[in-house]
Structure formats: C-alpha cells, structure tokens
Amino acid sequence: MQDIQQGTQVQKKSLINPKLVVTILLCSLYFIMYLDRVNISLSAKDMMKEFGFHATEIGIAFSAFSYPYLVGQLTGGWMVKQWGARLSLFICGCVVALSTIYTGFITGLITLFIARLLLGCGEGPTFSAATAAMRNWYPTHRFGFIQGITHSASRFGGAVAPPLVAWFIILDGWRAAFYVCGGLSLLWAILWYVFYRNDPHQHPAMSAEDLKDLPPPSIVTRQSKIPFKALGKRMLPVTMVDFCYGWMLWVFISWLPLFFQNVHGLNLKNSALLAGLTMAAGVVGDTLGGMISDHILVKTGRKRLARNLFIAISFCMGGTFLLGTLFTSDLTTISILLCLSFFSMELICGTIWAVPMDISRNYAGVAGGMMNFGFGLAGIISPIVFGMVVDITGSWVVPFSISVSICGVGAILTWFMHPERPFDGEADAKAA
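Note that the coordinates shown come from a computational prediction; the quantities given were computed from them, not determined experimentally.

**Some details on the overall build of the protein chain**
Alright, step 1. When helices and strands are tallied, the protein chain shows 15 helices and zero strands.
Alright, step 2. The globule rule puts the C-alpha radius of gyration for 432 residues at 22 Å, and the 21 Å found for the protein chain is close to it.
Alright, step 3. Principal axes of the C-alpha set define a box for the protein chain whose edges measure 60 × 45 × 40 Å.
Alright, step 4. The burial tally for the protein chain puts 59% of its 432 residues in the buried class.
Alright, step 5. When contacts within the protein chain are restricted to residue pairs at least 6 apart in sequence, long-range pairs at least 24 apart make up 86% of them.
Alright, step 6. With the model as given, the accessible surface of the protein chain reaches about 16600 Å², and the carbon-plus-sulfur share is 68%.
Alright, step 7. For the protein chain, the centre of its 29 positive side-chain charges and the centre of its 22 negative side-chain charges are spaced 7 Å apart.

Quick look at the structure:
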C-alpha cells in the first residue's frame, strides 16, 4: 500500500491539476473533521435537556474525544510509517464516519462518551498523517501556506457547523446532523483513497513541471527506526506552546454556543449565528497566518522571526481581546471582541503546524503528532476544568480569566522553540 519507490515522471501535462486536487482533498478533510468535532457543541443544550446532563457532565463528554485523540498524535506517525498517508487517512476517515453516525443513536452519557471516544480514535492520527501527506507534495516555502489554508478550512467547518446543525435540529432533531456529517466523512475517505499517492512521482497525472519544485520523497520506510527520544526533546517546547493554543481553541469550539445561550439568553438560531461568525473570523486568521509567516520567512530568511515572534504576538493579541470581554456587558461589543480574539489565535495555527515540517523532513508526521499531543492534552483538561469552574462559581469570568493567563504563558514559551535548527536523526539521537 505504501508508495515509497520513485516512479517514472510523466512528461505530458494532464488536464487535471493533481496538486490542486490534493489541496482540495486536504482542505475538505480538515473541514469535515471539524464539522464532525464541533457539531456536538450546538447539540449540547438539547442533549442536556433530553438526558438531564449538568455542565460538568457535558464537559466530561466533550473531553472524551481527547483521550484517544491524545494517543493518536503518536500513533499517527507510526501509521504513516507502516502504511503511508494514503491508507492511514482512509482508515481514519472511515472510523470518523462510523463514530459520527453512531452519535445519532446515543441513549445517555455512557453511549455519548463512547461515541466521542471513537471519534477521537479516528481523528487522533489524522492531522499528523495529513502533515506527512503534505511533506512530499509541497515545497518548503509553501509549508505555512498549506498548513494555514487547510486549517482555515477546518475553521470554516467550525463556522458552518452552528447554523447547519441548528437547521437540522429545527428540521428533524439534533440526531439528523450526525447522520449527514458521518456520510460526508465516508464519501471523503473513498475519494482520498482513489486519487492520492504517497509519492507524487508515482501519480499518473503529475508532469515534470509539477514535480520540479518538490523536495525528494521521504526516505522513511517500515524498517527505519524513529528516534523518539531525541525528536521528543526537540519538540517538547513546541508541544507546550501547542497546549496553550489548544486550551484557547477548545474554549471557543466547546463552550461558545452555551455561553451565548446561558449568559446572554439567546435562542438557538441567534447563538448559532454568533458562534458561526466567530468561527468565520478564524477562517481568515488561519489563511492569513500561514501566508504572513511564509512571507516573513521568504523576506528575512529567519525562521525564529517568521514562526516564534509571530506566534508570540498572536498569543498576546488573542488574550488581550478576550480580556476585553470581561469589562463589558454589551453583546455586540463582546461578539466583536470574541471574533478578534479567535482571529488572533488562529493566526497561530498554520504557523505552528509549519514548525514540525521546518524541524524534520523525514519525521514530519511524527513531529507533528508530538506537537499536537499538547493540543490533545488541552482538549482533556480544558473542557472539564471550564465546566467545573462554571458549575462551582456560577460565572464565566473566572474560566475566561484563566484562559487569558494561558495566552501569556504561550507567548513566553515560544522563545524555547527552534525551527531554525533542522533535526538530524543520528546526531540528535547521540546528543540526547
């Protein structure tokens, strides 16, 4: 299944642009993954009403996704090494599809917890496998762009989910949304497996012109030994920064609809609209973040400036705008500030995902998984802590204040990342 041998380059230009198709497929993947991930946030109030859940219980259900998602960050790199990104992402897509459909059949907290666990199993390896899939198909100076555009598609999924799920809830109840989203995931998995190749040189539609700017295919095979200890040491600061980013993202995608409904008394339609607008701001942030970071890199040649400083500034902006929401009760002002905060946080996404690709070519998928381990850990801690604090204090001010502080910590931690130093497997393993 794994395309690791370089084939003969196709000289004739195909009518189909394979790079464009792969980009569309990757964007579609990120869109669908987030659609499946965040549809529960808008269904939460109906679930709470139907099953009698408290905020802590729904927070536990939110966090169930993140346990296997956390483990999947490490298994994703292993899956790619064994089977390649083509088969790995096909398997992930099928698991996501089945778990999402199963969510429509839940009967209480236990079955909801199981459904979210299964979804985490499918999505956990996805982004590290997708990073490995990108590594052979795009040149170095486009890493920030491809990570930014794909993650902007995921935020577009987050933006579409609230009004889409709200429409399904009004039309046919909250369960219908999960059936439709699961069907989309299954369709994507089939299209991916039919079109994608692990080595672009093996793709029949690729021409010599298409291949000229691409890096050599990764030399990692099933027999290659992954230097986990040395690579983990290099990636630890990036993982810690990603934890801080992940904390903030989970606050937005898990609690925003409930915040608008419970704190400001909005109905389902209006809370879905405002949550969707906030996510839409993230679409713009994701796209611009990767492009700006790449532009800085091309102009200056300094990765610490293009990656580290840019991420630190984005953290400071995101925390500052979120802090502003604590000093006003005007819903319009709060909505604008939340949009600006989420926009600022999403400037980080494409940029930080480019860092594992900067650090290691051959182990980009594994490095990306190690980094996203921090995001998965935040996904376990953030929803539970947030829900508990809301239940204990009866206020949203304290959990928002905690989130502002974490933004400051993330900005400081960026100093310890070193994307400018490429990872040398053997040398770094000896040093470790």
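**Focus: the packing of helix 3 (residues 66-103) against helix 4 (residues 109-123)**
Alright, step 1. It is the contact of helix 3 with helix 4, at a shortest axis distance of 4 Å, that shows an interaxial angle of 145°. For helix 3 against helix 4, the interelement crossing comes out left-handed. In this structure, helix 3 uses Y67, P68, Y69, C92, V95, V96, S99, T100, Y102 and T103 to contact helix 4, whose residues at the interface are T111, L112, F113, I114, A115, L117, L118, L119, G120, C121, G122 and E123.
Alright, step 2. Across the contact of helix 3 with helix 4, the residue classes tally to 15 nonpolar, six polar and one charged.

**Considerations on the pattern of salt bridges**
Alright, step 1. Considering all chains together, one arrives at four salt bridges under this definition.
Alright, step 2. Residue E50 pairs with R175 through a salt bridge whose shortest N-O separation is 3.0 Å. Taken together, the residues E50 in helix 1 (residues 18-51) and R175 in helix 7 (residues 174-195) connect sequence positions 125 residues apart.
Alright, step 3. Residues R307 and D294 are paired through a salt bridge, measuring 3.3 Å at the closest nitrogen-oxygen approach. Placement of R307 in helix 11 (residues 303-324) and of D294 in helix 10 (residues 268-300) is noted, with a sequence separation of 13 residues between them.
Alright, step 4. Note on R307: relative accessible area 0%, which makes it buried.
Alright, step 5. Under the relative-accessibility criterion, D294 is labelled buried at 6%.
Alright, step 6. In this structure, a network of salt bridges that share partners links the residues D294, K303, R307 and D358.

**Looking at the environment of R135**
Alright, step 1. Tracing the backbone through its elements, the reader meets R135 in helix 5 (residues 126-135).
Alright, step 2. Residue class for R135 comes out buried when judged on its relative accessible area of 7%.
Alright, step 3. Distance in space between the C-alpha atoms of R135 and I40 is 32 Å, their sequence separation being 95 residues.

**With respect to the confidence of the model for the protein chain**
Alright, step 1. On average, the protein chain scores 83 in pLDDT, and the residues at 70 or more come to 91%.
Alright, step 2. At the low end of the mean pLDDT range in the protein chain sits helix 15 (residues 425-431), at 52; at the high end sits helix 11, at 95.
Alright, step 3. The low-confidence segment residues 1-12 (pLDDT under 50) makes 37 contacts with residues lying over four places distant or belonging to another chain.

**Things to note about helix 12 (residues 331-359)**
Alright, step 1. Taking 1.5 Å as the rise per residue, helix 12 with 29 residues should run 42 Å; its terminal C-alpha atoms sit 43 Å apart, in good agreement.
Alright, step 2. Across the 29 residues that make up helix 12, a large majority, 22, are buried.

**Quick notes on the environment of L187**
Alright, step 1. Residue placement: L187 occurs in helix 7.
Alright, step 2. Put simply, L187 and A97 are 90 residues apart on the chain and 8.8 Å apart in space, counted from C-alpha to C-alpha.

**Quick notes on helix 11**
Alright, step 1. Taking 1.5 Å of rise per residue, 22 residues should cover 32 Å, and helix 11 covers 31 Å from first to last C-alpha, within 8% of that figure.
Alright, step 2. Of the residues making up helix 11, those classed as buried are K303, A306, R307, N308, F310, I311, A312, S314, F315, G318, G319 and L322.

**What about the packing of helix 5 against helix 13 (residues 364-393)?**
Alright, step 1. Axis separation between helix 5 and helix 13 bottoms out at 8 Å; the angle between their running directions is 145°. For the crossing formed where helix 5 meets helix 13, the hand is right-handed. On the side of helix 5, the interface is formed by F127, S128, T131, A132 and R135, while helix 13 contributes A364, G365, G368, G369 and N372.
Alright, step 2. When its residues are assigned to classes, the contact of helix 5 with helix 13 shows three nonpolar, six polar and one charged.

**Remarks on the packing of aromatic side chains**
Alright, step 1. Enumeration according to the criterion identifies 24 aromatic pairs in this entry.
Alright, step 2. Plain terms: the ring middles of W396 and F400 are 6.4 Å apart, the flat faces sit at 65° to each other, and that makes the pair edge-to-face. Each member of the pair W396 and F400 is classed as buried.
Alright, step 3. The side chain of R86 reaches across the aromatic face of Y193, ending 4.2 Å from its centre.
Alright, step 4. One cation-aromatic arrangement involves R304 over W415; the distance from NZ or CZ to the ring centre is 4.9 Å.

**Re a nonpolar patch on the surface**
Alright, step 1. Residues F105, Y179, V180 and L184 make up a contiguous nonpolar surface patch of about 350 Å² in total accessible area.
Alright, step 2. Its relative accessible area of 36% is what places L184 among the partly exposed residues.

**Regarding the side chain of E346**
Alright, step 1. Of note, E346 is situated in helix 12.
Alright, step 2. Classification of E346 by relative accessible area gives buried; the value is 0%.
Alright, step 3. Apart from the residues lying within four places of it in its own chain, the contact partners of E346 are R155, Y245, L249, G282, G285 and D286.

**Let's talk about the state of the cysteines**
Alright, step 1. Throughout the structure, instances matching the rule amount to zero disulfides.
Alright, step 2. There is no disulfide at C181, and the cysteine sulfur nearest it, in C94, is 16 Å away.

**Focus on the side chain of S128**
Alright, step 1. Note that S128 resides in helix 5.
Alright, step 2. Every residue in contact with S128, bar those within four places of it in the chain, is listed here: G72, Q73, G76, G77, W353, G365, G368 and G369.

**Brief notes about the environment of I352**
Alright, step 1. Examined against the element boundaries, I352 turns out to sit in helix 12.
Alright, step 2. Residue classification places I352 among the buried residues on the basis of a relative accessible area of 0%.
Alright, step 3. Sequence-wise, I352 and L118 are 234 residues apart; in three dimensions their C-alpha atoms are separated by 27 Å.
Alright, step 4. With sequence-adjacent residues up to four places away left out, I352 is seen in contact with V238, V241, D242, I311 and M371.

About the criteria used
Residues numbered from 1 in each chain as written. Predicted model: local features only at pLDDT ≥ 70, side-chain atom pairs only at ≥ 80, totals over all residues. Heavy atoms only, no water. Helix = DSSP H or I, 4+ residues; strand = E, 2+ residues; numbered from the N terminus. Rg over C-alpha atoms; globule rule 2.2 N^0.38 Å. Buried < 20%, exposed > 50% of the residue type's maximum accessible area, 1.4 Å probe, protein only. Contact = heavy atoms within 4.5 Å. Areas by Shrake-Rupley, 256 points an atom, 1.4 Å probe, with all protein chains shown as cover. Lys, Arg positive; Asp, Glu negative; His and termini not counted. Charge placed at Lys NZ, Arg CZ, Asp CG, Glu CD. Axes fitted to C-alpha atoms, helices over the stretch in contact; angles between N-to-C directions. Left-handed = near helix turned anticlockwise from the far one by under 90°. Nonpolar A, V, L, I, M, F, W, Y, C, P; charged D, E, K, R; others polar. Salt bridge = Lys/Arg side-chain N within 4 Å of Asp/Glu carboxyl O. pLDDT = per-residue confidence, 0-100. Expected span 1.5 Å × (residues − 1). Phe/Tyr/Trp six-rings, centres within 6.5 Å; stacked < 30°, edge-to-face > 60°. Lys NZ or Arg CZ within 6 Å of the ring centre and 35° of its normal. Patch = residues over 30% accessible without salt bridge, like charges linked within 9 Å, V, L, I, M, F, W, Y side chains within 5 Å. Disulfide = S-S within 2.5 Å.

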